[in-house]
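Chain by chain, the residues run as shown.
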Amino acid sequence: MTEAFAARAGGSGFGARLQHAVENRGRLCIGIDPHEFLLDAWGLPNTAAGAREFGLRVVEASAERVGVIKPQIAFYERFGSSGFAALESVLGAAREAGLLVIADVKRGDVGTTLEAYAKAWLDEGSPLEADAMTVNPYQGFDSLASALELADRLGKGLFVLAATSNPESTSIQTARRDRGSQFGETVAGGVAKRAAAWNAEHTTGALGSVGVVLGGTVDFDLLGVDLAMLGASPWTPILAPGFGHQGAEFARIKETFGAAAESVIVNVSRSVLAAGPNGIADAIDQQAAELEDALS
């Protein structure tokens, strides 16, 4: 961890907990993605029970090594009610291990519907309770109001999709607005700007509780994302997928994210999960060390 990040103390809520996790366990986030091919490689059945065992083993390997995990909910949801029961066990084990959990659910809707989604994933005592969730702003950033308010009240976090790493997203995320207060800005840039503005208004510490998802493989100039704005105080957390299997490199984080590099949380999944149940702990240690070297 860099001295600049560690020096910024204070605040409350998810942003403060995230900062504490980063200061103590680094910026690597482990994705829990029980793909069918990975379950097979791990010698586990392609069932809810297999996904449960997979998740519990990843949590065990991650504990004391990293501070954040990100279960991809779709790989549990595919098994229906038994999959959600399996996920509840994984989330409970993560809480017991002191890990921050980002539920990768990418929910988006309006009004009370999104509020219900947010309560499912953020409410205290919910069977699916996580520390933060990913949300989709493509019905308008203002459609996130109920989730933003709930997260703020409960001290939880949101990560808003802004510039994702999948190539087919470019045509939408580079589109420029032809009306409203963000006239002329790209969709991705406008989302990132609104998240940073929320943090500026609601954050007293160093790191905001509303982050953005910015892929590690994208061109931020093309997408119109103002990295300097995200790197201004209070910093806006950046959840960055695309490392490892998708080609983004630790060594280029500072070059890629520029002024916002200090607030990047690096997500890896297949590049460590492919090491199998006997090798995942070593793979996490190795990637954590490589990331620390890249940021030093």
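**A word on helix H7 (residues 111-122)**
At step 1: Taking 1.5 Å of rise per residue, the twelve residues of H7 would be expected to cover 16 Å, and the 16 Å separating its terminal C-alpha atoms lies within 8% of that figure.
At step 2: Packed against the buried residues of H7 are helix H6 (81-96), strand E3 (100-107), strand E4 (132-135), helix H8 (145-154) and strand E5 (157-163).

**Describing the sheet that holds E5**
At step 1: Spatially, the eight strands close up into a barrel ordered E1-E2-E3-E4-E5-E6-E7-E8, and their pairing is parallel. The average undirected angle you get between the axes of adjacent strands in this sheet is 30°.
At step 2: Relative to strand E8 (residues 264-268), strand E7 (residues 238-240) runs parallel, the two sharing three bridges. Each residue of the ladder has a partner; that of Leu-239, found in E8, is Ile-265.

**Focus on the packing of helix H4 (residues 48-62) against H6**
At step 1: Where H4 contacts H6, the axes come no closer than 8 Å and their chain directions differ by 15°. Between H4 and H6, the angle falls in the class roughly parallel. Judged by the sense of rotation from one axis to the other, the crossing of H4 with H6 is right-handed. The residues of H6 that touch H4, namely those facing Ala-48, Arg-52, Gly-55, Leu-56 and Val-59, are Ser-82, Gly-83, Ala-86, Ser-89, Val-90, Ala-93 and Ala-94.

**Concerning the packing of aromatic side chains**
At step 1: Evaluated as defined, the whole model comprises four aromatic pairs.
At step 2: Taken together, a centroid distance of 4.3 Å and an interplanar angle of 45° make the contact between Trp-42 and Phe-54 tilted. A residue pair is termed long-range when its members are at least 10 positions apart, and Trp-42 in the loop between helix H3 (36-41) and H4 and Phe-54 in helix H4 qualify at twelve residues. Like Phe-54, Trp-42 is buried.

**Quick notes on the nonpolar core**
At step 1: Leu-214, Val-225, Leu-230 and Phe-257 are the most contacted members of the largest nonpolar core, which totals 81 residues.
At step 2: Setting aside anything within four residues of it in sequence, one finds Leu-214 in contact with Ala-162, Ala-163, Phe-220, Val-225, Leu-227, Leu-230, Ile-238, Leu-239, Ala-240, Pro-241 and Phe-257.
At step 3: The next biggest cluster of nonpolar side chains, apart from the first, holds 16 residues, and it includes Val-22, Leu-100, Ala-132 and Val-213.

What counts as what
- Residue indices begin from 1 for each chain and proceed along its sequence in written order.
- For a predicted model such as this one, the threshold for reporting local features is a pLDDT of at least 70, and the threshold for listing and counting side-chain atom pairs is 80 or more; totals across whole chains, interfaces and linings nevertheless cover every residue.
- Processing note: side-chain calculations cover all non-hydrogen atoms of the structure and skip hydrogens and water entirely.
- Strands here are runs of E lasting at least two residues and helices are runs of H or I lasting at least four, both read from the DSSP assignment and numbered beginning at the N terminus.
- Working rule for helices: expected span equals 1.5 Å times residues minus one.
- By definition in these notes, contact holds between two residues if any of their heavy atoms fall within 4.5 Å.
- Strands qualify as paired when DSSP identifies two bridges or more between them.
- Lines fitted to C-alpha atoms define the axes here, with helix axes fitted over just the stretch in contact, and angles between the N-to-C directions of these axes take values from 0 to 180 degrees.
- Should an angle lie under 35 degrees it is considered roughly parallel, over 145 roughly antiparallel, and from 65 to 115 roughly perpendicular; all remaining angles are considered oblique.
- Rotating anticlockwise by less than a right angle from the far helix to the near helix defines a left-handed crossing, while the corresponding clockwise rotation defines a right-handed one.
- Two aromatic rings from Phe, Tyr or Trp, using only the six-membered ring of Trp, form a pair when their centres are within 6.5 Å; if the ring planes differ by under 30 degrees the pair is stacked, by over 60 it is edge-to-face, and anything between is tilted.
- When accessible area is computed with a 1.4 Å probe and restricted to protein chains, residues below 20% of their type maximum are described as buried, those above 50% as exposed, and intermediate ones as partly exposed.
- Take the buried Ala, Val, Leu, Ile, Met, Phe, Trp, Tyr and Cys residues and link them wherever side-chain atoms come within 4.5 Å; each set so joined is a nonpolar core.

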